[in-house]
Amino acid sequence: TGQLFTISADGAGSIAPLAEGNLNMLGLDWSRDGSRLLYQLIIGDQKSKAGLWTLMLPGVVAMPFRDDGPQYPQATLSPDGAWVAYTSAHSGRSEIYIERFPMPGERVRVSNDSGTLPRWRRDQRELYYLSAEGELRAVAVDLEGGAKLGPTMPLFPLAVRDAAGSDIRGRGAISRPPLYDVSADGRFLAAIVQEK
């Protein structure tokens, strides 16, 4: 049985169940107005296919966004809640895509040589992601009348690998929190791990 819960950010009050079912669910992101929760359905059944889903609140109405398999381990809503950026391996390797939300449409690929961990800049004019080489990259985004992408700009190395080349932090693991975030003024907060 899978469950999603809510609790006040300041820790006050009690934990309240939000959704429950015979499946595994992983909460990914909230819309800023609190009306939608984006989550991954990891294991589905005949009635609920695995994929990327949304809960509409109040009333807790679950709706599929992409229900074509458990291949969306990371997803984040744009600040205005009208777009979603996600990692998908439907092409055979992990890539970053953006798409209108909450009704799916044409998916636009952002990365061109594999990518994970997408994050939006607060003004939605850039999207960041981690490359396969462990480099944080930025892509200019214009969402007026559709999704238009600018050039990809390398920023700085973020992932740390051990001597054997393995990622020691498990950046692709669905159970781990994001390794970085971006403040409103464009500064980065990142989890840095030293090599041994």
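Sequence positions are assigned chain by chain, starting from 1 and proceeding in written order. Per-residue local features are limited, in this predicted model, to residues with pLDDT of at least 70; the limit for side-chain atom pairs, both in listing and counting, is 80 or more; totals at the level of whole chains, interfaces and linings are taken over all residues. Side-chain metrics rest on all non-hydrogen atoms present in the structure, leaving aside hydrogens and water.

Description of the overall build of the protein chain
What counts as a helix is a DSSP run of H or I of at least four residues, what counts as a strand is a run of E of at least two, and both are numbered from the N terminus. Tallying secondary structure elements over the protein chain gives zero helices and 16 strands in all. Counting over 196 residues, the protein chain shows a buried share of 41%. The buried label applies to any residue whose accessible area, calculated with a 1.4 Å probe on protein chains only, is under 20% of its type's maximum; exposed applies above 50%, and partly exposed to all values in between.

Some details on the packing of aromatic side chains
Remark: the centre distance and the inter-plane angle together describe each pair of aromatic rings, the angle taken between the planes. Classification of ring pairs uses Phe, Tyr and Trp, with its six-membered ring standing for Trp, and accepts pairs whose centres are within 6.5 Å; under 30 degrees between planes counts as stacked, over 60 as edge-to-face, and the remaining range as tilted. Enumeration over the complete set of coordinates arrives at three aromatic pairs. On the numbers, 5.4 Å between centres and 50° between planes, the contact of Phe-65 with Phe-101 is tilted. Residue Phe-65 is found in strand β6 (residues 61-66), and its partner Phe-101 is found in the loop between β9 (95-100) and β10 (108-109); the two are separated by 36 residues along the sequence. Given the relative accessible area of 5%, Phe-65 is considered buried. Phe-101 sits in the buried class, given a relative accessible area of 7%. Taking the centre distance of 6.0 Å and the plane angle of 25° together, the rings of Tyr-86 and Tyr-97 count as stacked. On the criterion of sequence distance, the pair formed by Tyr-86 in strand β8 (residues 83-88) and Tyr-97 in strand β9 is long-range, its members being 11 residues apart. Owing to a relative accessible area of 5%, Tyr-97 belongs among the buried residues under this scheme.

Some thoughts on the nonpolar core
Residues enter a nonpolar core if they are buried and are Ala, Val, Leu, Ile, Met, Phe, Trp, Tyr or Cys, with the set joined through side-chain atoms within 4.5 Å. Among the nonpolar cores identified, the biggest contains 12 residues, and these are Trp-83, Ala-85, Ile-96, Ile-98, Val-108, Val-110, Trp-120, Leu-127, Tyr-129, Val-139, Val-141 and Leu-143. Setting aside its immediate chain neighbours within four residues, Val-139 contacts Val-110, Arg-125, Glu-126, Leu-127, Tyr-129, Leu-149, Gly-150, Pro-151 and Thr-152. Only heavy atoms matter for contacts: two residues are in contact if any of them lie within 4.5 Å across the pair.

Overview of the pairing of strand β12 (residues 126-131)
Residues in a regular strand project their side chains so that they alternate between the two faces of the sheet. Burial runs high along β12: six of the six residues are buried. In this scheme, strands are said to pair when DSSP sees at least two bridges between them. With four bridges connecting them, strand β11 (residues 115-120) and β12 associate as antiparallel partners. If you follow Trp-120 over to β12, its bridge partner there is Leu-127. Connecting β11 to the antiparallel partner β12 that follows it, the hairpin turn spans five residues, and Gln-124 within it adopts a positive phi of roughly 65°. For β12 and strand β13 (residues 135-142), the ladder comprises five bridges, and the chain directions are antiparallel. By the bridge assignment for β13, Tyr-128 is matched with Ala-138.

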